[in-house]
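# Chain and residue survey
Take a look at the letters that make up each chain.
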Amino acid sequence: MRFCCWESPVGWLTLAEEEGALVRTDFGKTAPEGQAEETPLLRRALTELSEYFSGKRREFTVPLRPAGTPFQKKVWEELRRIPFGETRSYGEIAAALGNPRAGRAVGMANNKNPLPIWIPCHRVVGAGGKLVGYAGGLDVKEALLRLEGVRL
């Protein structure tokens, strides 16, 4: 695994790649197992993040390979369908997956998302649009949503 740290507008991010795909993004400056090295893929990821934070990018093209259970991966794929600048509730995600009662399970899968921002779990809100839970903190979630033009 190769990783690099980058100071973003919402604080330090640590990005990790393995075998040609991004596998983790952590909030903060961390040192995952592996070697600190800015690979071509990580440089591309940093460029895309810079473009996102400057308002020039709405979709990412970096290959992703999140590790998770089959259910988590279904949830994360559904999150990637939420358009830039829009939000969905946990219940709406559960319903889209064919199980409207799985809101809590969706929340747990959201909590385990290894690639925040890339897999936009910040676009998932509680009932009535309330901001709830985010690995980077609610202030970061709010900043990302505002960057995307979401009215809070």
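Rules and cut-offs
- Residues numbered from 1 in each chain as written.
- Predicted model: local features only at pLDDT ≥ 70, side-chain atom pairs only at ≥ 80, totals over all residues.
- Heavy atoms only, no water.
- Buried < 20%, exposed > 50% of the residue type's maximum accessible area, 1.4 Å probe, protein only.
- Helix = DSSP H or I, 4+ residues; strand = E, 2+ residues; numbered from the N terminus.
- Pairing = 2+ DSSP bridges.
- Core = buried A, V, L, I, M, F, W, Y, C linked by side-chain atoms within 4.5 Å.
- Contact = heavy atoms within 4.5 Å.
- Salt bridge = Lys/Arg side-chain N within 4 Å of Asp/Glu carboxyl O.
- Arc of directions from axis to C-beta.

Here we take up the pairing of strand 3 (residues 21-27). In terms of residue burial, strand 3 counts as a mostly covered element, since 5 of its 7 residues are buried. Both strand 2 (residues 11-18) and strand 3 contribute to a ladder of 6 bridges, which runs antiparallel. Across the sheet, the residue bridging to T14 is D26, located in strand 3. Hairpin remark: strand 2 followed by strand 3, antiparallel, with 2 residues in the connecting loop; positive phi at E19, about 50°.

Once that is clear, we can look at the nonpolar core. By size, the foremost hydrophobic cluster in this structure holds 36 residues, and its most contacted members are L15, L22, L49, L79, I117 and W118. At the level of elements, strand 1 (2-8), strand 2, helix 1 (40-53), helix 2 (70-79), helix 3 (90-96), helix 4 (103-111) and helix 5 (138-147) are the ones that each hand at least two residues to this core. The element best represented in this core is helix 1, accounting for 7 residues. In contact with L15, not counting residues within four places along its chain, are R2, F3, C4, L22, R24, T25, L42, A45, L46, L49 and W118.

Scanning the model with the defined rule gives 9 salt bridges in all. E142 is the partner of R146 in a salt bridge, and the nearest nitrogen-oxygen pair spans 2.9 Å. In this pair, R146 and E142 are both assigned in helix 5, 4 residues apart and thus about one turn of the helix distant. The partly exposed category is assigned to R146, whose relative accessible area is 49%.

For helix 5, the complete set of buried residues consists of V140, K141, L144 and L145. Viewed along the axis of helix 5, the buried residues span an arc of 135°, placing them on a single side of the element. Following helix 5 by one or two positions, G149 adopts a phi angle in the positive range, close to 85°.

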